[in-house]
Amino acid sequence: MAYDHGNNWDEFPGGYKDVLQYFKIDVPIVRFKFVQKGETLGLAFDGLIHVNGRWVTMPKPRRSLPG
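Everything numeric here is computed off the predicted structure, so don't read it as measured data.

The number of helices and strands found in the protein chain is 1 helix and 4 strands. The helix and strand sequence of the protein chain, counted from the amino end, reads β-α-β-β-β. Looking at the protein chain as a whole, 18% of its 67 residues qualify as buried. A separation of at least 24 residues holds for 30% of the contacts in the protein chain among residues at least 6 apart in sequence.

In structure tokens form, the structure reads like this:
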């Protein structure tokens, strides 16, 4: 699920609301989940961000904010 700075709030952890003001509007932020076929639970990841022509992971970006 990609976040476009206007939609999909419910698909991302709550802390993203605190840090999105610091991100560029046109930079996609992605969350994804690895799930085995036939299962509903798996490994979930967020913070995959497209920066300078490549994808980087920035897990828990809200931890970079002061106090």
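Once that is clear, we can look at the confidence of the model for the protein chain. Reading fine detail from the predicted coordinates is not recommended where pLDDT is low. Mean pLDDT over the protein chain stands at 80; residues scoring 70 or higher make up 85%. When pLDDT is averaged over each helix and strand of the protein chain, the minimum, 52, is found for strand β1 (residues 2-3) and the maximum, 90, for strand β4 (residues 54-57).

Now for the pairing of β4. Looking at chain direction, strand β3 (residues 42-51) and β4 are connected through 4 bridges and run antiparallel. Looking across to β4, one finds that I49 is bridged to V56.

Space inside the largest pocket adds up to approximately 150 Å³. Lining the largest pocket, in full, are F23, K24, V27, I29, I49, H50, V51, N52 and M58. No other element matches the 3 residues that β3 contributes to the lining of the largest pocket. Classifying every residue of the lining of the largest pocket gives 6 nonpolar, 2 polar and 1 charged.

All right, on to the environment of N52 then. Locating N52 in the fold gives a position in the loop between β3 and β4. With 25 residues separating them in the primary sequence, N52 and V27 have C-alpha atoms 9.6 Å apart.

Looking now at the packing of aromatic side chains. The geometry of an aromatic ring pair is captured by the separation of the ring centres together with the interplanar angle, meaning the angle of the planes. Considering all chains together, one arrives at 3 aromatic pairs under this definition. Measuring from ring centre to ring centre gives 5.3 Å for F32 and F45, while their planes differ by 25°; the resulting arrangement is stacked. Residue F32 is located in strand β2 (residues 29-35), and its partner F45 is located in strand β3; the two are separated by 13 residues in the primary sequence. By relative accessible area, F45 is classed as partly exposed at 36%. Taken together, a centroid distance of 5.9 Å and an interplanar angle of 75° make the contact between F34 and F45 edge-to-face. Residue F34 is located in strand β2, and its partner F45 is located in strand β3; the two are separated by 11 residues in the primary sequence. On the accessibility criterion, F34 (53% relative accessible area) is exposed. Members of the aromatic cluster, connected to one another through ring pairs, are F32, F34 and F45.

Parameters at a glance
Residues numbered from 1 in each chain as written. Predicted model: local features only at pLDDT ≥ 70, side-chain atom pairs only at ≥ 80, totals over all residues. Heavy atoms only, no water. Helix = DSSP H or I, 4+ residues; strand = E, 2+ residues; numbered from the N terminus. Buried < 20%, exposed > 50% of the residue type's maximum accessible area, 1.4 Å probe, protein only. Contact = heavy atoms within 4.5 Å. pLDDT = per-residue confidence, 0-100. Pairing = 2+ DSSP bridges. 1 Å grid on protein atoms, 1.4 Å probe; cavity = no way out; pocket = protein on both sides within 12 Å on 5 of 7 lines; lining within 4 Å. Points joined across faces, edges and corners; volume = space filled by probe spheres on them. Nonpolar A, V, L, I, M, F, W, Y, C, P; charged D, E, K, R; others polar. Phe/Tyr/Trp six-rings, centres within 6.5 Å; stacked < 30°, edge-to-face > 60°.

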